[in-house]
Number of protein chains: 4
Amino acid sequence: MPDATTPVAALKDAIRAFAAARGWEPYHTPKNLAMALASEVGELCDILRWLTPEESVAVARDPVQREAFADELADIANIVFLLSAHTGIDLSEAVAAKMTKNAVKYPAPG
Amino acid sequence: MPDATTPVAALKDAIRAFAAARGWEPYHTPKNLAMALASEVGELCDILRWLTPEESVAVARDPVQREAFADELADIANIVFLLSAHTGIDLSEAVAAKMTKNAVKYPAPG
Amino acid sequence: MPDATTPVAALKDAIRAFAAARGWEPYHTPKNLAMALASEVGELCDILRWLTPEESVAVARDPVQREAFADELADIANIVFLLSAHTGIDLSEAVAAKMTKNAVKYPAPG
Amino acid sequence: MPDATTPVAALKDAIRAFAAARGWEPYHTPKNLAMALASEVGELCDILRWLTPEESVAVARDPVQREAFADELADIANIVFLLSAHTGIDLSEAVAAKMTKNAVKYPAPG
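The rules behind these values
Sequence order as written defines residue numbering, which begins from 1 separately in each chain. As they are written, the chains are lettered A onward and the ligands numbered 1 onward, keeping that order. In keeping with the model being predicted, local features are shown solely for residues with a pLDDT of at least 70 and side-chain atom pairs are shown and tallied solely at 80 or more, while totals for entire chains, interfaces and linings include all residues. Side-chain figures throughout are based on the complete set of non-hydrogen atoms in the structure, without hydrogens or water. Any two residues whose heavy atoms approach within 4.5 Å at even a single point are treated as in contact. When two parts are put together, the accessible area they lose, computed with a 1.4 Å probe and summed over both, is reported as buried area. By salt bridge we mean one thing: a side-chain nitrogen of Lys or Arg within 4 Å of a carboxyl oxygen of Asp or Glu. In protein, a polar contact means a hydrogen-donor-capable atom and an acceptor-capable atom, both N or O and within 3.5 Å, with residues adjacent in sequence counting only if both atoms are side-chain atoms; elsewhere, any N or O pair within 3.5 Å suffices. A run of H or I in DSSP counts as a helix once it spans at least four residues, and a run of E counts as a strand once it spans at least two, with each numbered from the N terminus. For this classification, Asp, Glu, Lys and Arg are treated as charged, while Ala, Val, Leu, Ile, Met, Phe, Trp, Tyr, Cys and Pro are nonpolar and the rest, including Gly, are polar. Exposure classes here rest on a 1.4 Å probe applied to the protein chains alone. A residue is buried below 20% of its type maximum, exposed above 50%, and partly exposed in between. Axis angles are defined between N-to-C directions and span 0 to 180 degrees, where every axis is a line fitted to C-alpha atoms and, for a helix, only to the segment in contact. Note that the term roughly parallel is reserved for angles under 35 degrees, roughly antiparallel for angles over 145, roughly perpendicular for angles of 65 to 115, and oblique for everything else. For a crossing to be left-handed, the near helix must be turned anticlockwise from the far one by less than a right angle; the clockwise case is right-handed. The copies are overlaid by a least-squares fit using only the C-alpha atoms of residues whose pLDDT is at least 70 in both copies.

## Some remarks on the interface of chain B and chain D
Moving on, step 1. On the side of chain D, 6 residues touch chain B, which itself brings 6 residues to the contact.
Moving on, step 2. Note on chain B versus chain D: buried area summed over both sides is about 520 Å², and carbon and sulfur give 78% of it.
Moving on, step 3. Looking at the side of chain B facing chain D, the largest losses of area belong to B:Lys31, B:Met35 and B:Pro53, adding up to 76% of the total buried there.
Moving on, step 4. Across the contact surface, chain B and chain D share 0 salt bridges.
Moving on, step 5. Linking chain B to chain D there are 2 residue pairs in polar contact (both at pLDDT 80 or more).
Moving on, step 6. The element that contributes the greatest number of residues to the side of chain B that touches chain D is helix H2 (residues 30–48) of chain B, accounting for 5 residues.

## A look at the interface of chain A and chain B
Moving on, step 1. Across the contact, 67 residues belong to chain A and 67 residues belong to chain B.
Moving on, step 2. For the pair chain A and chain B, the summed buried surface comes to about 5,600 Å²; carbon and sulfur atoms form 69% of the total.
Moving on, step 3. Three residues stand out in chain A for area buried against chain B, namely A:Asp3, A:Lys31 and A:Met99, and they jointly supply 12% of the buried area on that side.
Moving on, step 4. When the shortest N-O distance is used, the salt bridge between B:Asp75 and A:Lys98 registers 2.7 Å.
Moving on, step 5. Applying the counting rule to chain A against chain B returns 34 residue pairs in polar contact (both at pLDDT 80 or more).
Moving on, step 6. Looking at the side of chain A that touches chain B, the elements that each hand over two or more residues are helix H1 (8–21), helix H2 (30–48), helix H3 (53–58), helix H4 (63–87) and helix H5 (91–105) of chain A.
Moving on, step 7. Broken down by element, the residue count for the side of chain A that touches chain B peaks at 16 residues, all from H4(A).
Moving on, step 8. In terms of residue class, the side of chain A that touches chain B is made up of 44 nonpolar, 10 polar and 13 charged.

## Regarding the pattern of salt bridges
Moving on, step 1. Within this structure, the stated rule accounts for 28 salt bridges over all chains.
Moving on, step 2. B:Glu25 is the partner of B:Arg16 in a salt bridge, and the nearest nitrogen-oxygen pair spans 3.2 Å.
Moving on, step 3. Looking at B:Glu25, the relative accessible area reads 26%, which means it is partly exposed.
Moving on, step 4. Salt-bridge contacts for C:Asp71 lead to D:Lys101; the nearest nitrogen and oxygen are separated by 2.6 Å. Remark: D:Lys101 occurs in helix H5 (residues 91–105) and C:Asp71 occurs in helix H4 (residues 63–87); the pair is interchain, linking two chains.
Moving on, step 5. Overall, D:Lys101 belongs to the partly exposed group, its relative accessible area being 34%.

## Points about the packing of H2(B) against helix H2 (residues 30–48) of chain C
Moving on, step 1. At their nearest, the axes of H2(B) and H2(C) sit 7 Å apart, and the two run at 140 degrees to each other. By the angle class used here, H2(B) and H2(C) are oblique. The handedness of the crossing between H2(B) and H2(C) is left-handed. Of H2(C), the residues touching H2(B) (which contributes B:Met35, B:Ala38, B:Ser39, B:Gly42, B:Cys45, B:Asp46 and B:Leu48) are C:Met35, C:Ala38, C:Ser39, C:Gly42, C:Cys45, C:Asp46 and C:Leu48.
Moving on, step 2. Among the residues making up the contact of H2(B) with H2(C), the classes are represented as 8 nonpolar, 4 polar and 2 charged.

## Here's the deal with the relation of the copies chain A and chain B
Moving on, step 1. The two copies are related by a screw operation: chain A maps onto chain B through 180 degrees of rotation and 0.0 Å of translation along the axis, at an RMSD of 0.1 Å. Considering both components of the superposition, the chain copies are consistent with a two-fold axis. Minimal C-alpha separation from the rotation axis in chain A is found for A:Pro7, amounting to 2.0 Å.
Moving on, step 2. Most of the interface of chain A is mirrored in chain B, where 100% of its interface residues again form contacts.

Pasting the structure below:
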């Protein structure tokens, strides 16, 4: 199911069930997950570090690089979903609340 | 709308419209966004770095800390959504594809 | 004293004494320090995330930006020194050992 | 030569010569190096993410884990040295200046 029809909760439930089936949940404290996030973001940065911004745009057009990029993005997303699931912080509500704050901080022009 | 009923695409559309209204899109190359992600993950790590894993679990139970945590999680999620939107990599499909690979790499115990 | 005449150990001793005088050492486990490093590297990325590579070169020529950059670089260096001090891993020896490995992995062109 | 007798500048010169011999210097803008730093710190976090703080202390006592840790710490240190070399920011002076600021911000108890 694509993003257009997949509720955020479905992805959260899927990754949580995957971790639970492997007995990983005791390791998934917010501290450990934040550290895992730093690790996975580092892998994304590894793909892009020596590229120009323009070359980084082209990554998505190369099938091999695109798959590597998608894999890292999925790893990052999954940890975000686990952090949301384990803290009980609803991601959609947190995003809406932060966007309201940011709309005040950075008003749209005219 | 909570995670249970919010499609992933709705969050992607919302953050993209927010950025477009402010003229930020030219800055949103994958390279710049990955660097922004490292920066936002750093802010999440800042909240948790001196806490024990147990104390990090308690963050979600304290109203003030919970809001700070939720704000950082939202910032991170928004950049993940922007990376998905700008590369055209469907997040739900990327997560499903990666989970299939990980199920082979880490088989669930019988 | 500048880098030309400052032994690495002098910087390690200085930051360790600074932390000890404030009772911070119990918090300085490798796990916590690595997380602090992710946080400080995030602050450096925050300065540079929307800049082009060329603009990032110019940061060192602007007095205000240079000081902000130097402050972040110092924070990062100090955590590297603390990690070295607390693990007993000699930084100069680790750098030499890694360079020997990398010289095999990436031979210099004839 | 160990940290006790190695000037910071000697490590900076060594890594810079290593990079120059391989034609890597054009890639070493502050933006690219900061992104490389996020990547290398991610690798250090990868070693430690599921460990308790106590287990992270024990890493330095296990020969195999210690070498992996030392390798990552060296990678991180080398990028810090390259950032210092390319910006002309003297690391020892930056550390001293930041410590003076921090001594005001966090006064040592009486």
